[in-house]
Amino acid sequence: MEREMEAERMLYRRALEALRNGVPNRQAVGVLGTNQPEVEARFQERLEAVGGSVRDGKQVPGILVAGGFGAGKSHLLDYLEHQASSRNFVTSRVVISKETPLFDVCKTVAAAIDNAAAPGLSGEAIREIAFRLKPGSGEYREFSNWVNDPENGLSPLFATTVLLHEQLSNDPELVDEITSFWGGERLSVSRVRQGLKQLGRSGKFSPATVKVKDLAMQRVVFLSRLMLAAGYAGWVWLLDEVELIGRYSLMQRGRSYAELARLMGRVKKEGVPGLLVVAAITDDFGLAVLQEKGDRETVGARLRVKGTEEDLSVAGRAEIGMRLIEREAMILRPPSEATLRESYLRLQEVYGRAYGWAPPEIPWAAAAATRQMRSYVRRWVNEWDLRRLYPGAEVGSEEEVELRVSYSEEEILEEAGE
């Protein structure tokens, strides 16, 4: 019993430390939950729809959430990630950054694969998931039929690697190379031919050349079905800090809007069955970038200037992405009086259990539309810290300064992504 109580105290202390720093972690998310019931309800609805979407060969439409700095977007994504994991989904958290620019699909996909986490598994997720494949199962037979269907849009290389992975258990080195290929590494055609020769299938094998960026999206389609074959419910991506695209050059912003539309399942015939994407962006992005920077009027026209089939396709997808930001973003609501009171009481209880101390009541102002939950939480925790550590001292709290996101272009981002 004492050991269990100590474990609980440590868990609560880790949660409180994260809340002090304004950086949510799984413990903090578990303590506070979320005050966004509309988003949570839609997310649960979309999770339930993933299975049916795979049967229909379609992707479940993604969810875009929007809020100001400190509105709890990252906290919400953490919460949704936990919910998805508890329902047997593989999850990937991807923070858009200089190293992972949204307009570079190869880097975005690589980040999603590297950050993938599967319920009940540790280590490199794709490799561990591949170990769970059971060739005799109904799920695997369905997967095998699908991967061998020439209408699936994939390079024949994927079907061939599945065959080799299944039947070459006597060549663990090649099997390991194949698993690495599924996870984003290169695989030489000569090694594939060697494997086919071992199986007595050394006929001609000359898969058509595929562009690297096209192969990246094919890999997402393949892995989404592989996860289903391994017994998982699907793949959930959580994209954070999407507003960084406002600091790209004009053409990079255009390609980013196009990729956002595609990843969110809004482009016909380019969806990924089994994938659900949730993305977070600032709530002033539409005004500051799409309107004031003029992207809504200029991006499509600039992309169409070259007149190539690819640029025309990107222009159309970019316009879909911009409409998605303007019209479909779910705005995070500020905390209500009831939400604040519930969170306050829960946090007071957690603080008391963490330190074996009775936190006193703290006067707090009524809910304000411009004040975010994080501000209230940090004030409560900090005041209890001061009262616990310095009993009898005068305690005062300063209001947090509101921070705003900059959308000024940065050359370094251009260099990082090209």
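To be clear, the structure that these remarks concern was listed above.
Overview of the structure. (Residues numbered from 1 in each chain as written. Predicted model: local features only at pLDDT ≥ 70, side-chain atom pairs only at ≥ 80, totals over all residues. Heavy atoms only, no water.)

**Observations regarding the packing of aromatic side chains**
Turning to step 1, where the next piece is worked out: Taken as a whole and judged by the stated rule, the model has 15 aromatic pairs.
Turning to step 2, where the next piece is worked out: Consider the rings of W182 and F222, whose centres lie 5.3 Å apart with planes at 50°: the pair is tilted. Taken together, the positions of W182 in helix α9 (residues 172-182) and F222 in helix α11 (residues 212-229) put the pair 40 residues apart, joining distant regions of the chain. Summarising the burial analysis for this pair, W182 and F222 share the class buried.
Turning to step 3, where the next piece is worked out: With centroids separated by 6.2 Å and ring planes inclined at 40°, the aromatic side chains of Y376 and W380 adopt a geometry described as tilted. Of this pair, Y376 and W380 both sit in helix α17 (residues 373-389), 4 residues apart, roughly one helical turn. Side by side, Y376 and W380 carry an identical accessibility label, which is buried.
Turning to step 4, where the next piece is worked out: Cation over ring: R219 sits above F181, and NZ or CZ is 4.9 Å from the ring centre.
Turning to step 5, where the next piece is worked out: Of note, R388 hangs over the ring of Y355, and the distance from its end group to the ring centre comes to 3.8 Å. (Phe/Tyr/Trp six-rings, centres within 6.5 Å; stacked < 30°, edge-to-face > 60°. Helix = DSSP H or I, 4+ residues; strand = E, 2+ residues; numbered from the N terminus. Buried < 20%, exposed > 50% of the residue type's maximum accessible area, 1.4 Å probe, protein only. Lys NZ or Arg CZ within 6 Å of the ring centre and 35° of its normal.)

**Points about the environment of G68**
Turning to step 1, where the next piece is worked out: Along the chain, G68 turns up in the loop between β1 (63-67) and α4 (73-86).
Turning to step 2, where the next piece is worked out: Excluding residues that lie within four positions of it along the chain, G68 makes contacts with K73 and D283. (Contact = heavy atoms within 4.5 Å.)

**Thoughts on a nonpolar patch on the surface**
Turning to step 1, where the next piece is worked out: Side chains of L386, L389 and Y390 sit close together on the surface and give an oily, nonpolar patch of about 300 Å² of accessible area.
Turning to step 2, where the next piece is worked out: With respect to the helices, strands and loops of the structure, L386 is situated in helix α17. (Patch = residues over 30% accessible without salt bridge, like charges linked within 9 Å, V, L, I, M, F, W, Y side chains within 5 Å. Areas by Shrake-Rupley, 256 points an atom, 1.4 Å probe, with all protein chains shown as cover. Salt bridge = Lys/Arg side-chain N within 4 Å of Asp/Glu carboxyl O.)

**Examining the side chain of T108**
Turning to step 1, where the next piece is worked out: Turning to its location among the elements, T108 is positioned in helix α5 (residues 105-114).
Turning to step 2, where the next piece is worked out: Aside from chain neighbours lying at most four places away, what touches T108 is V94, T100, P101, L102, W237 and L263.

**What about helix α3 (residues 37-56)?**
Turning to step 1, where the next piece is worked out: Spanning 20 residues, α3 covers 28 Å between terminal C-alpha atoms, matching the ideal 28 Å at 1.5 Å per step.
Turning to step 2, where the next piece is worked out: Taken as a whole, α3 carries its principal kink of about 40° at V50.
Turning to step 3, where the next piece is worked out: Turning to α3, its buried residues are V39, F43, Q44, R46, L47, V50, S53 and V54.
Turning to step 4, where the next piece is worked out: Residues of α3 that are buried make contact with β1, α4, α11, β4 (235-240), β5 (275-282) and β6 (330-331).
Turning to step 5, where the next piece is worked out: In the stretch just after α3, G57 is the one whose phi turns positive, near 70°. (Expected span 1.5 Å × (residues − 1). Bend = angle between axes of the 7 residues up to and from the residue.)

**Remarks on the pattern of salt bridges**
Turning to step 1, where the next piece is worked out: As enumerated under the stated definition, the model contains 29 salt bridges in all.
Turning to step 2, where the next piece is worked out: A salt bridge links E8 to R353, with the nearest nitrogen and oxygen atoms 3.5 Å apart. Of this pair, E8 sits in helix α1 (residues 2-21) while R353 sits in helix α16 (residues 337-355), placing them 345 residues apart in sequence.
Turning to step 3, where the next piece is worked out: Overall, R353 belongs to the partly exposed group, its relative accessible area being 40%.
Turning to step 4, where the next piece is worked out: Here the salt bridges do not stand alone but share partners, grouping E8, R346, E349 and R353 into one network.

**Thoughts on the nonpolar core**
Turning to step 1, where the next piece is worked out: Of all hydrophobic cores here, the largest spans 83 residues; its most connected members are W182, F222, L223, W235, W237, Y257 and F285.
Turning to step 2, where the next piece is worked out: Among the elements that take part in this core, α11 stands out by supplying 10 residues, more than any other.
Turning to step 3, where the next piece is worked out: Leave out the neighbours within four places in its chain, and W182 touches I113, I126, A130, L133, T161, V162, H165, R219, F222, L223 and L226.
Turning to step 4, where the next piece is worked out: Of all hydrophobic cores here, the second largest spans 20 residues; its members include L47, Y79, L276 and V278. (Core = buried A, V, L, I, M, F, W, Y, C linked by side-chain atoms within 4.5 Å.)

**Side note on the pairing of strand β2 (residues 90-95)**
For a regular strand, the rule is simple: side chains alternate between the two faces of the sheet.
Turning to step 1, where the next piece is worked out: The element β2 is extensively covered by neighbouring structure, given that 5 of its 6 residues are classed as buried.
Turning to step 2, where the next piece is worked out: In terms of strand pairing, β2 meets β4 through 6 bridges, oriented parallel. Considered in β4, the bridge of V95 is made with D240. (Pairing = 2+ DSSP bridges.)

**Quick look at the packing of α5 against α11**
Turning to step 1, where the next piece is worked out: Relative orientation of the contacting elements α5 and α11 amounts to 30°, with a least axis distance of 8 Å. By the criterion of interaxial angle, the relationship of α5 to α11 is roughly parallel. For α5 against α11, the interelement crossing comes out left-handed. Residues V105, C106, V109 and I113 of α5 touch α11, and the partners they reach there are V212, K213, A216, M217, R219, V220 and L223. (Axes fitted to C-alpha atoms, helices over the stretch in contact; angles between N-to-C directions. Parallel < 35°, antiparallel > 145°, perpendicular 65-115°, else oblique. Left-handed = near helix turned anticlockwise from the far one by under 90°.)

**Details of the sheet that holds strand β3 (residues 116-117)**
Turning to step 1, where the next piece is worked out: Ordered in space as β3-β2-β4-β5-β1-β6, the 6 strands form an open sheet in which the pairing is mixed. Each edge of the open sheet is held by one strand with a lone partner, namely β3 and β6.
Turning to step 2, where the next piece is worked out: For β1 and β6, the ladder comprises 2 bridges, and the chain directions are parallel. Of the residues in β6, the one forming a bridge with A66 is I331.
Turning to step 3, where the next piece is worked out: Contacts from α3 reach β1, β4, β5 and β6, with the element oriented near 155° to β5.

**A word on the pairing of β5**
Turning to step 1, where the next piece is worked out: Counting buried residues in β5 gives 8 out of 8 residues, a clear majority hidden from the surface.
Turning to step 2, where the next piece is worked out: Side chains of β5 alternate between two faces, with L275, V277, A279 and I281 and L276, V278, A280 and T282 buried alike.
Turning to step 3, where the next piece is worked out: Sheet topology note: the β1/β5 ladder contains 5 bridges and is parallel. Each bridged residue has a counterpart across the sheet, and for L64 the counterpart in β5 is A279.
Turning to step 4, where the next piece is worked out: Chirality of the crossover, the property in question, places the unit of β4, helix α12 (residues 250-263) and β5 among those that are right-handed. (Right-handed = clockwise from strand over helix to strand, strands pointing away.)

**Topic: α16**
Structurally, the α-helix is built with 3.6 residues per turn, so residues lying three or four positions apart point the same way.
Turning to step 1, where the next piece is worked out: Taking 1.5 Å of rise per residue, 19 residues should cover 27 Å, and α16 covers 27 Å from first to last C-alpha, within 8% of that figure.
Turning to step 2, where the next piece is worked out: Every buried residue belonging to α16 is among T339, L340, S343, Y344, L347, Q348, V350, Y351, G352 and A354, and all of these are buried.
Turning to step 3, where the next piece is worked out: Directly beyond the C-terminal end of α16, a positive phi value near 60° is found at G356.

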